[in-house]
Amino acid sequence: MSNDKNKQPSLPPHHDDDGSMIEGMQEDVSRRKFLGMAAFTGLAGAGLSVGLASCGKAPEKTSSGTESHTAPAEKSGGLSVHIAPGQLDTYYNMSSGGHSGDLRIIGEPSGREITRIPVFNIDCMSGWGFTNESKAILGTKPDGSLKYTSGDTHHVHGSYEDGTYDGKYFWVNDKIHSRLARIRGDVMVCDKITELPNVQGFHGIFPDKRDPADANVNHTTRVFCGSEFRIPHPNDGTNMDDTDAYYGLFTCVDAETMEVRWQVKVDGNMDLCATSYDGKLAATNQYNTEKGVTFAGMMSAERDSCVFFNIARIEAAIKAGNIISSPDGSDVPIVDGTKAANADPKAAVTCYVPIPKSPHGVNASPDGKYFVCSGKLSPTASVIELSRVLQWFDGGLEDPREAVVGEPEIGLGPLHTAFDGRGNAYTTLFLDSQIVKWNVDAAIKAYQGDKNAKVIIDKIDVHYQPGHLTSSMNETKESDGQWLLIGNKFSKDRYLPVGPMHPENEQLLDITGEKMVLAHETPVYPEPHDFIIVKRDVIKTRQVFDMDEFPNAIKEAKDSRVERDGSKVTIYLTSMAPAFSLTEFKVRQGDEVTIILTNHDKIEDLGHGFAIPKYDINFVVSPHETKSVTFIADKPGVYWCYCTHFCHALHLEMRSRLLVEPA
Ligand code: CUK
Ligand code: CUA
């Protein structure tokens, strides 16, 4: 459309860092020690042996002996986070909102939150969860009320083309109700939500990057979903005590239709997902391969796994009918991917690569060669070479453990890893409250016995207890090694105190130099788990909706009217600043009323709101957007429907009267 204004001004210049923005970040060492110890006490107090001999050490001297440094001493990066008024950020940070249930868009490097996209939550600004259109996406009960009103988003990933983001879709998971949501990249609105069958605790997601079999399909067509909680099947209360029979399923969802394609039965609890650039492999890290159902029981094994899924073989097995029947009554084909059923590599659909102690996180290196899986309760990261996993599937490796080609000791509580496209990896150390920069090739050499390999390059303190991290264009082949964003789980004393509930703390590191430089920090409302940083020219949004994409749009203002069909009344309404097309509409008490509102304003940023007092109706319509609401007019009287979104000098006058005649 002519309104597709994609003003993409040239990139703001990267000023030389004068260091001013990092003043005041001097920290109190004793409070860091306290935090590190407190995190440990929690684990130790649970009576667990976590295999961390160096736990008594102060966090400044790390388990590998490398000196960490604090930000003000270093100036090696040289990037600026300062974005002057009127200037645009260079990256989109697409961030999960955690148990807020939403997705946020934050500009980087400024850290300015630009918008929130309601997904699994209810949002009274936009009307998400109020309008008929959003309810249809969220799913309703037979009485028309929402099936769920809560959500817990963890992981956001974008669709790929040719090994990098194409900006078409973004996906985010809901861990509470095991749902996968898709966001359209052109209007940044959620357009589909799929509830995964047969699973609980859907956690990791990752889109595939190409098709393993079809050379013409060089973009995302599948989204893989790992489920964390093992449950009985069927989960109907008949077999709750038979914990040996609990299991989890790895799910494949079609990227376009958002329908569930297939599931794979696995051992253990699945956490994160990663996919290979050749489309052949997907993987999830797994803890609790010992199948415990208690806290201690889940941590007894020395090694868990990173499980690899052979996508072509899974889909061939389904084609050949090698499926197990679903005890849950869903018609999704299920393939048996348990370790016991996949002992023969040449026929296996899964490969269980042993990884030390409850691994957390699995991330693909941008050169396409490795997945890195962190130890969590082991101070190591394991480097898995993908060609060796494929070799195992071909019968060429004795033991899947031989696919591990590096396992450096990097620090305490390693969780997630990002890359810079220059051969270096960056891992969050939750217990050390640090980020460690390490070199992948050096880690491989050290594993082969090279004592001189310099694996650890740098460590930097972060504040505090980091979970996820990501680098700019991480996990794409365009990984550019500019910025590293850290999601710290605790902010403690970094911001003005606001009572017992603290924000999370997001810190941005400049990783262009040998040493990492802490450049910026921002409080965030709890709690983003994971995020991706996408360069801004990948995302092309529209500023005005296409009226034709709403089947119920009222295209001409003259078609505004009230239509009655028995006790069902439909109000056809349009808006154009500063007026709605009908100044009043009359219904009878007890009528089922549907109001359809099309915004005829076609000017960028000119939205209107529509609220009805006492009827709990509130939503906005963006330029050329149509939304509708349905309610029972159970209260007689006059109700002023008013515009909630400041749109015009006469915004306050933008009103209509809903007249409800007593029965
Ligand atoms: S999990 Cu949150 S810190 Cu949900 Cu990605 Cu690792
Ligand atoms: Cu329309 Cu305010």
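Structure's up top.
Owing to the predicted nature of the structure, the values given are computational and were not obtained by experimental measurement.

**Comments concerning the overall build of the chain**
Of the regular secondary structure elements, the chain holds five helices and 39 strands. Counting all 663 residues of the chain, 59% fall into the buried class. Accessible surface computed for the chain: about 26200 Å², of which carbon and sulfur atoms make up 52%.

**Side note on the sheet that holds strand β5 (residues 164-174)**
Read across the open sheet, the four strands follow the order β4-β5-β6-β7; overall the sheet is antiparallel. Edge positions in the sheet fall to β4 (156-161) and β7 (189-195), since each has one partner strand and no second. Going from strand to strand, the sheet's axes swing by 30 degrees on average, the running direction of each strand aside.

**As for the environment of W171**
With respect to the helices, strands and loops of the structure, W171 is situated in strand β5. Look at W171 and you get buried, because its relative accessible area is 0%. Separated by 10 residues in the primary sequence, W171 and A181 have C-alpha atoms spaced 5.6 Å apart.

**Some points on the nonpolar core**
In this structure, M94, L103, V119, F250, F309 and V534 are the most contacted members of the largest nonpolar core, which totals 42 residues. Once residues lying within four places of it in the same chain are set aside, the contact partners of L103 are M94, S95, G97, T115, R116, I117, V119, V156, V172 and I183. Within the second largest apolar cluster, 27 residues are counted, among which are F610, Y615, C641 and C647.

**So, the site of ligand 1**
Neighbouring residues of ligand 1: H154, H155, H203, L272, H360, H416, G467, H468, K489 and H529. When its residues are assigned to classes, the shell around ligand 1 shows one nonpolar, eight polar and one charged.

**Some details on the pairing of strand β39 (residues 655-661)**
Bridging between strand β33 (residues 584-588) and β39 involves five bridges; their strand directions are parallel. Looking at β39, one finds that R588 is bridged to E661. Direction of pairing for strand β38 (residues 637-642) relative to β39: antiparallel, over a ladder of six bridges. Bridging across to β39, C641 finds its partner in S656.

**A word on empty space enclosed by the protein**
Across all of its chains, the model carries five cavities of 30 Å³ or more by this definition. Roughly 120 Å³ of internal volume is contained in the largest cavity. In terms of lining residues, the largest cavity is bounded by 18 residues, among which H157, N363, N474, E475 and D530 are the most central. Elements with a contribution of two residues or more to the lining of the largest cavity: β4, β12 (269-275), β17 (360-364), β21 (414-419), β25 (466-471) and β29 (531-535). With three residues, β25 is the single largest residue contributor to the lining of the largest cavity. For the lining of the largest cavity, the residue count by class is nine nonpolar, seven polar and two charged.

**With respect to helix α3 (residues 311-319)**
For α3, the full list of buried residues reads I311, I314 and A317. The arc that holds every buried residue of α3, seen down its axis, measures 130 degrees, which confines them to one face. Its buried side turned inward, α3 meets β9 (222-229), β11 (260-266), β13 (281-287), β14 (303-310) and β15 (334-336). Once α3 finishes, G321 follows within two positions and takes phi at roughly 80 degrees, a positive value.

**Some remarks on the side chain of S479**
With respect to the helices and strands, S479 occurs in the loop between β25 and β26 (483-488). Of note is the side chain of S479, whose polar atom sits 3.5 Å from the backbone nitrogen of G421. If near-sequence neighbours (up to four positions away) are discounted, S479 is found in contact with P366, F419, D420, G421, S471, S472, M473 and N474.

**Topic: the sheet that holds β21**
The strands that make up a sheet are held in pairs by hydrogen bonds between backbone atoms, and each pair lies either parallel or antiparallel. Pairing is antiparallel in the open sheet, where four strands are placed in the order β21-β22-β23-β24. With partners counted over all chains shown, the strands left at the sheet margins are β21 and β24 (456-461), one partner each. Here the average twist between neighbouring strands, direction ignored, is 20 degrees. Alignment of strand β23 (residues 434-439) against β24, held across five bridges, turns out to be antiparallel. Across the sheet, the residue bridging to I435 is I460, located in β24. Contacts from helix α5 (residues 440-447) reach β22 (424-429) and β23 within the one sheet, and its direction differs from that of β23 by about 70 degrees.

**Side note on the environment of V172**
Counting through the fold element by element, V172 comes out in strand β5. Take V172: its relative accessible area is 0%, and that puts it in the buried class. Separated by 20 residues in the primary sequence, V172 and D152 have C-alpha atoms spaced 9.6 Å apart. If we ignore the near neighbours within four places in the chain, the residues touching V172 are S96, L103, V119, F120, T153, H155, V156, R179, L180, A181 and I205.

**Quick notes on unusual backbone geometry**
E108 connects to P109 through a cis peptide bond whose omega is 15 degrees. Inspection of the secondary structure assignment puts P109 in the loop between β2 (103-108) and β3 (112-117). Residue H233 is joined to P234 through a cis peptide bond whose omega torsion reads -5 degrees. Note on placement: P234 falls in the loop between β9 and β10 (248-254). Located in the positive-phi region is S178, a residue other than glycine, with phi close to 55 degrees. Here S178 lies in the loop between β5 and β6 (179-184). Phi at S433 takes a positive value of approximately 50 degrees, unusual for a residue other than glycine. The topology assignment puts S433 in the loop between β22 and β23.

How each quantity is defined
Residues numbered from 1 in each chain as written. Chains lettered and ligands numbered in written order. Predicted model: local features only at pLDDT ≥ 70, side-chain atom pairs only at ≥ 80, totals over all residues. Heavy atoms only, no water. Helix = DSSP H or I, 4+ residues; strand = E, 2+ residues; numbered from the N terminus. Buried < 20%, exposed > 50% of the residue type's maximum accessible area, 1.4 Å probe, protein only. Areas by Shrake-Rupley, 256 points an atom, 1.4 Å probe, with all protein chains shown as cover. Pairing = 2+ DSSP bridges. Axes fitted to C-alpha atoms, helices over the stretch in contact; angles between N-to-C directions. Core = buried A, V, L, I, M, F, W, Y, C linked by side-chain atoms within 4.5 Å. Contact = heavy atoms within 4.5 Å. Near = heavy atom within 4 Å. Nonpolar A, V, L, I, M, F, W, Y, C, P; charged D, E, K, R; others polar. 1 Å grid on protein atoms, 1.4 Å probe; cavity = no way out; pocket = protein on both sides within 12 Å on 5 of 7 lines; lining within 4 Å. Points joined across faces, edges and corners; volume = space filled by probe spheres on them. Arc of directions from axis to C-beta. Polar contact = N/O pair within 3.5 Å; in protein donor to acceptor, adjacent residues only side chain to side chain.

Nothing here speaks to function; it is geometry throughout.
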